[in-house]
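Read off the chains here:
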Amino acid sequence: MAVGSQDYYEALGVSRDASAEDIRRAYRRLAREYHPDVNKESGAEDRFKQISEAYDVLRDEEKRRQYDRLGADWRAAGQGPRGGQGRARNGGGGGFSNVRVDFGGRDFEAGDFGDIFDSFFSRGGRRGGDADFSMRGSDQEAVLELSLEEAARGGRRMLSFGDGRSFEVEIPRGVRDGQVIRLAGQGSPGIGGGTAGGDTAGAGTAGDLLLRVRLRPHPRFRVEGRDLYVDLPVAPWEAALGATVPVPTLDGEAKVTVPAGSSCGRRLRLRGQGLPAGEGSAAGNLYAAIQIQVPKKLTKAEREGFERLRKASKFDPRKGP
């Protein structure tokens, strides 16, 4: 997501002593060339993000001084843009389908970009500088890894990025794998002065930062939608005679009744013990799959008991009940 160690001046194609106007002019020229709604070639969107980040740093006098002094380590000086709150949103977000341009008091849809850029960037098309033109910045994406327990309980979490930005994100209770948390105004800066961080007064609106949730594999539970699956070890006599045994849950443990005559693989349902309910959906269930376990090393009494059972039983598992 960040330019990283790439030279910001190189990204914009300007010298290190370039004026603010030179930097602004270079950014406009490159934005016209690489904006994803104008340039559909592979890599154009990544290039646009790079020049947007470079412009966001070099247009700010304080950030530029820090960058000139510290180079790639400038972020350590704590000059990153301010953070913001997030909210959950289902499905994928972003892209550039909602881009609008305000030019000379008129609104244009994304499909009109060719004419807008030609008129604005031509020598005779300028009409007063930044105030005459603005464009929404591109959305940026990042992966937010959560444990299953974190996703289940939700809450607030501080996130820090390599470009110096930090955010306190509201994680919804019961968030699912693949769900997106949108941080409005924390993406690439807009053209015409929009900045990452949401400061859009009189300027092109910054894009959004989309945090796509990825659930880390859990050592015990498997996840399918809002349902959880767990293996439930039981002894042969518990499966044959029935028993009440503990089963792990996200909140601790619960008791479940193993019916007499249960076979390996039988699933026992614990209603509502899966992931908590999300927006517009009910809580999931927990399914405990019976796994019959046999002692690896039998005691003398256990061996004698199994020998008596073998002699007394007519059951042949290869022929069925």
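All figures in this text were calculated on a predicted structure; none of them were measured in a lab.

Some details on the overall build of the chain
Consideration 1: If you tally the helices and strands in the chain, you get eight helices and 15 strands.
Consideration 2: Across the 321 residues in the chain, those meeting the buried criterion constitute 41%.
Consideration 3: A sequence separation of at least 24 residues applies to 60% of the contacts in the chain between residues at least 6 apart.
Consideration 4: Surface exposure of the chain reaches about 17600 Å², of which carbon and sulfur atoms provide 45%.

Quick notes on the environment of Thr205
Consideration 1: Inspection of the secondary structure puts Thr205 in the loop between strand E8 (180-183) and strand E9 (209-215).
Consideration 2: Assessed through its relative accessible area of 41%, Thr205 is described here as partly exposed.
Consideration 3: Thr205 sits 70 residues away from Met135 along the chain, and the two C-alpha atoms are 6.7 Å apart.

Quick notes on the side chain of Arg136
Consideration 1: Position of Arg136 relative to the elements: it lies in the loop between strand E4 (133-135) and strand E5 (140-146).
Consideration 2: For Arg136, the side chain forms a polar contact with the side chain of Asp139, separated by 2.8 Å.
Consideration 3: Of the polar contacts made by the side chain of Arg136, one reaches the side chain of Asp208; its length is 3.3 Å.

Details of the side chain of Asp139
Consideration 1: Mapped onto the fold, Asp139 is located in the loop between E4 and E5.
Consideration 2: In this structure Asp139 comes out as buried when scored by relative accessible area, which is 7%.

Here's the deal with the sheet that holds strand E14 (residues 267-270)
Consideration 1: The mixed open sheet is built from four strands, whose spatial order is E10-E11-E15-E14. Strand pairing shows two members of the sheet lacking a second neighbour, strand E10 (222-224) and E14, which therefore form its edges. Mean inter-strand twist for the sheet, computed between neighbouring axes without regard to direction, equals 30 degrees.

A word on the nonpolar core
Consideration 1: If you look at the biggest cluster of nonpolar residues, it comprises 35 residues, and the most contacted ones within it are Leu146, Ile181, Leu211 and Leu232.
Consideration 2: Look past the residues within four positions of Leu232 in its chain and what remains in contact with it is Val245, Pro246, Val247, Val256, Val258, Leu268, Ala288, Ala289, Ile290 and Gln291.
Consideration 3: By size, the runner-up hydrophobic cluster in this structure holds 21 residues, among which are Val14, Tyr27, Ile51 and Ile191.

Quick notes on the layout of surface pockets
Consideration 1: In this structure, the largest pocket spans a volume of roughly 460 Å³.
Consideration 2: Pro236, Trp237, Ala239, Ala240 and Leu309 are the residues nearest the centre of the largest pocket, which is lined by 13 residues in total.
Consideration 3: The set of elements that each furnish at least two residues to the lining of the largest pocket consists of helix H7 (236-241) and helix H8 (300-312).
Consideration 4: For the lining of the largest pocket, the leading source of residues is H7, giving five residues.
Consideration 5: When its residues are assigned to classes, the lining of the largest pocket shows 10 nonpolar, three polar and no charged.
Consideration 6: Its volume calculated, the second largest pocket comes out at about 190 Å³.
Consideration 7: Taken together, Glu149, Ala152, Arg153, Arg173, Leu250, Asp251, Gly272, Gln273, Gly274, Leu275 and Pro276 form the lining of the second largest pocket.
Consideration 8: Among the residues forming the lining of the second largest pocket, the class breakdown is four nonpolar, three polar and four charged.

Remarks on the confidence of the model for the chain
Consideration 1: The predicted model of the chain averages 76 in pLDDT, with 74% of residues at 70 or higher.
Consideration 2: Counting interchain partners and residues more than four positions distant, the pLDDT-below-50 stretch residues 79-132 has 121 contacts.

Details of the pairing of strand E13 (residues 252-258)
A regular strand carries its side chains on alternate faces of the sheet.
Consideration 1: Sheet topology note: the strand E12 (residues 243-249)/E13 ladder contains seven bridges and is antiparallel. Residue pairing in the sheet places Thr244 in a bridge with Thr257 of E13.
Consideration 2: Between E12 and the antiparallel strand that follows it, E13, lie two residues.

Re helix H4 (residues 61-70)
Consideration 1: Lys63, Arg64, Gln66 and Tyr67 are the residues of H4 that are buried. For H4, the angular spread of buried residues about the axis comes to 160 degrees, placing them on one side. Exposed residues pointing more than 90 degrees away from the buried face of H4 are listed as Glu61 and Arg69.
Consideration 2: Next to the buried residues of H4 lie helix H1 (8-12), helix H2 (20-34) and helix H3 (44-58).
Consideration 3: The backbone nitrogen of Glu62 lies 3.0 Å from a side-chain oxygen of the residue at the head of H4, namely Asp60.

Cut-offs and rules
Starting from 1, residues in each chain are numbered consecutively following that chain's sequence as written. Given that this is a predicted model, residues contribute local features only at a pLDDT of at least 70 and side-chain atom pairs are listed and counted only at 80 or more, while totals for whole chains, interfaces and linings are drawn from all residues. Hydrogens and water molecules were not included; the side-chain quantities draw on all heavy atoms of the structure. Secondary structure elements follow DSSP: runs of H or I no shorter than four residues count as helices, runs of E no shorter than two count as strands, and numbering proceeds from the N terminus. Buried means the residue's accessible area, taken with a 1.4 Å probe over protein chains only, is under 20% of the maximum for its type, while exposed means over 50%, and partly exposed covers the values in between. Residue contacts follow a heavy-atom distance rule, with two residues in contact if any of their heavy atoms lie within 4.5 Å. Using a 1.4 Å probe, the Shrake-Rupley method yields the accessible areas, and only the shown protein chains count as cover for residues. As used in this structure description, the phrase polar contact means that two N or O atoms lie within 3.5 Å; if the pair is within protein, one of them must be able to donate a hydrogen and the other to accept it, and residues adjacent in sequence are counted only when both atoms belong to side chains. Strands qualify as paired when DSSP identifies two bridges or more between them. Note on geometry: axes are C-alpha line fits, over the in-contact stretch for helices, and angles between N-to-C directions span 0 to 180 degrees. Definition used in this section: a nonpolar core is a set of buried Ala, Val, Leu, Ile, Met, Phe, Trp, Tyr and Cys residues joined via side-chain atoms within 4.5 Å. Two kinds of site are reported from a 1 Å grid over the protein atoms alone, namely cavities, where a 1.4 Å probe fits but cannot get out, and pockets, open sets with protein on both sides within 12 Å along at least five of seven lines, and residues are called lining when an atom falls within 4 Å of a point. Grid points are joined across faces, edges and corners, and a volume is the space filled by probe spheres set on the points. Any residue that is not Ala, Val, Leu, Ile, Met, Phe, Trp, Tyr, Cys, Pro, Asp, Glu, Lys or Arg is counted as polar, Gly included; the first ten are nonpolar and the last four charged. pLDDT is a residue-level measure of predictor confidence that goes from 0 to 100. The arc in question is the one spanned by the directions pointing from the helix axis to the C-beta atoms.

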